[in-house]
Every structure is written in structure tokens, then in C-alpha cells.
Amino acid sequence: MSTPAASPLSRPARLPIDDRSPAARRVSLARPGPRPTDPPVLPVGVLADIALGLARATELWQPHVSHDPLSRTSVRLVATESYEVWLLGWTQGQRVEFHDHGGSNAAFAVLEGELQEITLGVAGTTSKRLTSGRVGTVAAGTVHDVINPTAVVATSLHVYSNPLRTMTYYDGQGRPTYTELVEQVPALVTSPTQARALHPSRARA
Ligand SMILES: [Fe+2]
């Protein structure tokens, strides 16, 4: 069908891939499509609800908070068939670079400190700052970057549905540069029963 040689995604990676994403381990030359067995992607509003609910479950994430001036820290807290949750630690200036989340919707809650989200759209970039207690949503297909712009460390909790499978990175003009496959590393909570118990909508029921 298409000519792979003409696709920007088919170029060899031009940058080292260390620390590009929480669990990136290798470079992909094409994005895998959805699998027939994939559950429905949860809406961003539901993911925001999960993120804010888990933000209140301090006993779950606080023992795992860490910050490293050399690279962002990450812990995969929860993994289910339909969503996963990552805890990230950011020191001053640490960022992701422009990227998307493949076919996944996302939401992220700032637990400590402050993060800046820069979204790349057809009309250029828009930026917003999220302080502790705020949540941002990222619909599938959005290209954005996140950075800790302050001298104070930041901690955030990120929810993806379905669990992240690929992340494609972009230059400042919105041109894709490479795609990573995201490895499904072990999570602290993998039991569906536990995950359901942690879901804030269950807590209110
Ligand atoms: Fe992101």
C-alpha cells in the first residue's frame, strides 16, 4: 500500500533513545495497529477521575516517589487490561520532548510541585502550567511535551488507556522523528480486583 521509504517513521532513529519515555527500550519502524482483543479505550474524563482518585491514595504512591537529576524517574503503579498508571519524578528542566501516545488516551495529575504542558497544534503551540492538585487530559492523537520548569522537584501520576504501546516523537515543526515501542514492565498492582478497588468511582459506590 504505501511506500515505507517515503514515510518519516521509516527513517533510522537519529537520536539516542535513553530516557525518552518511562519504559522505552527499542525503536520501532512502524506503529502497530489496535489488536482485535483490545478493550475499548476509556474516555479522558474517566482517566482524569482515576488520576485524581489515585492522587488521594497517598499510601499507594508516596513510598515510591523519587527524583534523580540525571533522568526522570518512573514506576509503573497499576496495570490492567484497559488502563495503566505511572508515577513520574521530575527535577528542574527535565522534559519528555514532543510526543504522542499512539492510540491511547491519557490524563495526568500533578502530585507535588508544578509541571508545564506544551501542546503542538496546527496553529502553533499552547502552554499551560499545572500545579499540585491539577489534572490534565490528553486525547489520543495529541502531540505535547511536559517539563518541570521550576527549581522545585515535581511528582505526577499518569493514566493511559489502553496501556501505552507506542510513543512517536516529533520535532518543533510537528514532523515525526521516530517511534518507540513501550515495553510492558511489571506493575506494583496487577490484580483486577485491587485495581477496581482503587478506582475512585468504586470508592464512592
Ligand atoms: Fe505525554
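Keep in mind that this is a model prediction, so the values were computed, not measured. (Residues numbered from 1 in each chain as written. Predicted model: local features only at pLDDT ≥ 70, side-chain atom pairs only at ≥ 80, totals over all residues.)

Some points on the overall build of the protein
For clarity, the threshold we go by: Per the convention used, a helix needs a DSSP run of H or I reaching at least four residues, while a strand needs a run of E reaching at least two, with both numbered from the N terminus. Field definition: a residue is buried when 20 or more other C-beta atoms are found within 10 Å of its C-beta, exposed when 12 or fewer are, and partly exposed for counts in between, with C-beta atoms placed from the backbone. Note on contacts: each residue gets a C-beta atom placed from the backbone, and two residues are in contact if those atoms are within 7 Å.
Broken down by element type, the protein carries four helices and eleven strands. Counting across all 205 residues of the protein, residues that qualify as buried make up 32%. For the protein, the share of sequence-separated contacts (at least 6 apart) that also reach a separation of at least 24 residues comes to 74%.

Here we look at the sheet that holds strand β8 (residues 143-147)
Heads up, the condition is: Paired strands, in this sense, are two strands between which DSSP finds at least two bridges. Between N-to-C directions, angles cover 0 to 180 degrees, with each direction set by a line fitted to C-alpha atoms, over the stretch in contact for helices.
The three strands lie next to each other as β6-β5-β8, forming an open sheet whose pairing is antiparallel. What marks the edges here is a single partner per strand, and that holds for β6 (124-131) and β8. Pairs of neighbouring strands in the sheet enclose a mean axial angle of 20°, with direction left out of account.

Some details on unusual backbone geometry
Here the residue pair Ser 161 and Asn 162 is connected by a cis peptide bond, since its omega of -10° sits within 30 degrees of zero. The topology assignment puts Asn 162 in the loop between β9 (154-161) and β10 (166-170).

So, the pairing of strand β5 (residues 114-121)
One ladder, built from eight bridges, connects β5 with β6; its direction is antiparallel. Residue pairing across strands places Gln 116 opposite Arg 129, the latter belonging to β6. The hairpin turn running from β5 into β6, its antiparallel successor, is two residues long. Where β5 meets β8, five bridges bridge the pair, whose relative direction is antiparallel. Across the sheet, residue Gln 116 finds its bridge partner in β8, namely Ile 147.

Regarding the environment of Val 152
Residue placement: Val 152 occurs in the loop between β8 and β9. Through-space distance from the C-alpha of Val 152 to that of Gln 92 is 6.5 Å; in sequence the pair is 60 residues apart.

Considering the sheet that holds strand β2 (residues 73-79)
Spatial ordering of the open sheet is given by β2-β3-β9-β4-β7, a layout of five strands whose pairing is antiparallel. Of all strands in the sheet, those with a lone pairing partner are β2 and β7 (135-138), marking the two edges. Taking each pair of neighbouring strands and ignoring which way they run, the sheet shows an average axis angle of 20°. Sheet topology note: the strand β4 (residues 105-112)/β7 ladder contains four bridges and is antiparallel. Along β7, the bridge assignment pairs Ala 107 with Thr 137. Across the sheet, helix α1 (residues 44-56) touches β3 (84-90), β4, β7 and β9, and the angle it forms with β4 is around 25°.

A few points about the environment of Lys 128
Here Lys 128 is to be found in strand β6. In this structure Lys 128 comes out as exposed when scored by C-beta crowding, with 11 C-beta atoms within 10 Å. Sequence separation between Lys 128 and Ile 118 is ten residues, and the spatial gap between their C-alpha atoms is 6.6 Å.

A short note on the confidence of the model for the protein
Fine structural detail should not be taken from predicted coordinates in areas where pLDDT scores are low. Selection criterion: Confidence per residue, as judged by the predictor, is encoded in pLDDT with a range of 0 to 100.
On average, residues of the protein score 83 in pLDDT, and 77% of them are at 70 or above. Here residues 1-20 scores under 50 on pLDDT; set against residues more than four positions off or in separate chains, the count is 20 contacts. In this model residues 22-29 is a low-confidence stretch, pLDDT under 50, and it forms 22 contacts with partners more than four residues away in sequence or in other chains.

Remarks on the pairing of strand β11 (residues 176-182)
Of the pairings in the sheet, the one linking β10 to β11 comprises five bridges and is antiparallel in character. Looking at β11, one finds that Tyr 170 is bridged to Pro 176. Hairpin connection between β10 and β11: a loop of five residues separates the two successive antiparallel strands, and Gly 174 in this loop has a positive phi of roughly 85°.

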